[in-house]
Amino acid sequence: MATRPDLRPKNPQFSSGPCAKRPGWTLAALEGALLGRSHRASGPKARLAEVIERSKAVLKLPADWKLGIVPASDTGAVEMLLWSALGPRGVDVLVWESFSKEWATDVAKQLKLTDLRLLEAPYGALPDLGAVDWERDVVFVWNGTTSGVRVPYKEWIPTDRKGLAICDATSAAFAMDLPWDRLDVVTWSWQKVLGGEAAHGMLALSPRAVERLETHKPAWPLPKIFRLTKGGKLIEGIFKGETINTPSMLCVEDAIDGLRWAEGVGGLEGLIARSERNLAAIAGWVAQSDWCDFLADDPATRSCTSICLKIKAPWFAALDAEAQAAAAKKLASLLEKEGVALDAGAYRDAPPGLRIWGGATVETADIEALLPWLDWAFAQVAEGR
């Protein structure tokens, strides 16, 4: 029987979204929120613009890019762009986890585009990046939130591409070095790497993406919350803090707090380093484990944020799919019951296992304290089978 660990994580929040708040966060961080005010008044609008400007600075967004706050989290940001920009060219969609599959469904079944190619790979792997046709628009995630697989290098995206590179970076932004010169559209949400609150998305546009939006008229109707242009011109206010619909000023204040913290830990380089340390801690433990492994087989593709783990024990592999799911659920439930890891089960569509968030707001000491508990909980499941 595995020894029951003595040390517990100080913060057991390892959810992959919404994610852990930044270290030291309390409700006092929100005391300056401009509540009960119109988001169109000068003060609140300045707060919204501050989120945009601080985000651009931390991420080192090129000066000629646009960044706006949009409705409905990362999903809203991705879908408003798909509905607004797709159509002039064929589309390649790279599918290797749940959310990229949703974008493929949008393009195929909702927008009903027929010049469509799906480049697919199972959980834990990437599609053949060399098969992408950059004469076409390309839709992809930089980091698979539900698979723990990230793009390992940037050179697969040419700088002289003809189509748009449309990148869902919701669990990559602020934890991975995004190659802005090889991207055209990048989206993310507040509740991932900086631990903000939900419901607000961020949409970043290159000059090429702006040109597409201003010259292309979609063949389908656009609801108000998807409209980025008026009279053939980009609605510039969206990218200056004039949101399409009403934002939560409480969430805005929290986003500013997270960005200030990011600046204080060394900006983008500091955030990346914190996430990579978390991955390294888990990698060292996995290398010694006789029952657990990364879902991503290739070390170069392993995410430093949504760290997905699979169970390799022979007795587990011999179970049918239903029994595997039940055993993995019991493992996650034990961790939650002990108060050492909350929301650490694999995503519902992913193979049974664990998913440990390693984004920048998670302290490496908490990851290190968790690891012996994983061994302990697995031993309880194995003994009770």
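Keep in mind the model is a prediction, meaning the values are calculated, not measured.

A. The packing of helix α6 (residues 267–288) against helix α9 (residues 364–383), seen in detail. Where α6 contacts α9, the two axes come as close as 9 Å, and the packing angle between them is 25°. Considering their axes alone, α6 and α9 lie roughly parallel with respect to each other. Considering how the two elements wind past one another, α6 and α9 form a crossing that is right-handed. Residues Arg 274, Arg 277, Asn 278, Ala 281, Ile 282 and Trp 285 of α6 lie in contact with α9, whose contacting residues are Thr 364, Ile 367, Glu 368, Leu 371, Leu 374 and Asp 375. Partitioning the contact of α6 with α9 into residue classes produces six nonpolar, two polar and four charged.

B. Structural context of the sheet that holds strand β13 (residues 306–311). If you walk across this open sheet you meet the three strands as β12-β13-β14, and the pairing is antiparallel. Both edges of this open sheet fall to β12 (292–294) and β14 (353–357), since each of them pairs with a single strand only. Each strand of the sheet is rotated relative to its neighbour by a mean of 30°, with strand direction disregarded. The pairing of β12 with β13 spans three bridges and is classified as antiparallel. Opposite Asp 293, over in β13, you have Lys 310 as the bridge partner. In the packing of α6 onto the sheet, the strands contacted are β12, β13 and β14, and the crossing angle to β12 comes to about 135°.

C. Layout of the pairing of strand β2 (residues 91–95). Burial runs high along β2: five of the five residues are buried. Because side chains alternate across β2, one face comprises the buried residues Val 91, Val 93 and Val 95, and the other comprises Asp 92 and Leu 94, equally buried. Where β2 meets strand β3 (residues 116–120), five bridges bridge the pair, whose relative direction is parallel. Across the sheet, the residue bridging to Val 95 is Glu 120, located in β3. Following the chain from β2 across helix α3 (residues 98–110) to the adjacent parallel β3, one finds a crossover that is right-handed. Sheet topology note: the β2/strand β4 (residues 137–141) ladder contains three bridges and is parallel. Across the sheet, Val 91 pairs through a bridge with Asp 137, a residue of β4.

D. Summary view of the sheet that holds strand β9 (residues 200–205). Spatial strand order, β1-β9-β8-β7-β4-β2-β3: seven strands in an open sheet with mixed pairing. Taken across any chain shown, the strands that pair with only one partner, and hence form the sheet edges, are β1 (66–71) and β3. For this sheet the average axis-to-axis angle between neighbouring strands, irrespective of direction, equals 20°. Judged from the five bridges that link them, strand β8 (residues 185–189) and β9 form a sheet pairing that is antiparallel.

E. Spotlight on the packing of aromatic side chains. Scanning all chains against the criterion turns up twelve aromatic pairs. Centre to centre, the rings of Trp 134 and Trp 156 are 5.7 Å apart; their planes meet at 55°, and the pair counts as tilted. Of the two residues, Trp 134 sits in the loop between β3 and β4 while Trp 156 sits in the loop between β6 (149–150) and β7 (165–168), which places them 22 residues apart along the sequence. Residue class for Trp 156 comes out buried when judged on its relative accessible area of 7%. Of the aromatic side chains, those joined through ring pairs into one cluster are Trp 285, Trp 291, Trp 315, Phe 316 and Phe 378. Sitting over the face of the ring of Trp 25, Lys 21 holds its NZ or CZ atom 4.9 Å from the ring centroid.

Reading the values: rules and limits
- Residues numbered from 1 in each chain as written.
- Predicted model: local features only at pLDDT ≥ 70, side-chain atom pairs only at ≥ 80, totals over all residues.
- Heavy atoms only, no water.
- Axes fitted to C-alpha atoms, helices over the stretch in contact; angles between N-to-C directions.
- Helix = DSSP H or I, 4+ residues; strand = E, 2+ residues; numbered from the N terminus.
- Parallel < 35°, antiparallel > 145°, perpendicular 65-115°, else oblique.
- Left-handed = near helix turned anticlockwise from the far one by under 90°.
- Contact = heavy atoms within 4.5 Å.
- Nonpolar A, V, L, I, M, F, W, Y, C, P; charged D, E, K, R; others polar.
- Pairing = 2+ DSSP bridges.
- Buried < 20%, exposed > 50% of the residue type's maximum accessible area, 1.4 Å probe, protein only.
- Right-handed = clockwise from strand over helix to strand, strands pointing away.
- Phe/Tyr/Trp six-rings, centres within 6.5 Å; stacked < 30°, edge-to-face > 60°.
- Lys NZ or Arg CZ within 6 Å of the ring centre and 35° of its normal.

The values reported here are purely geometric and, on their own, carry no functional implication.
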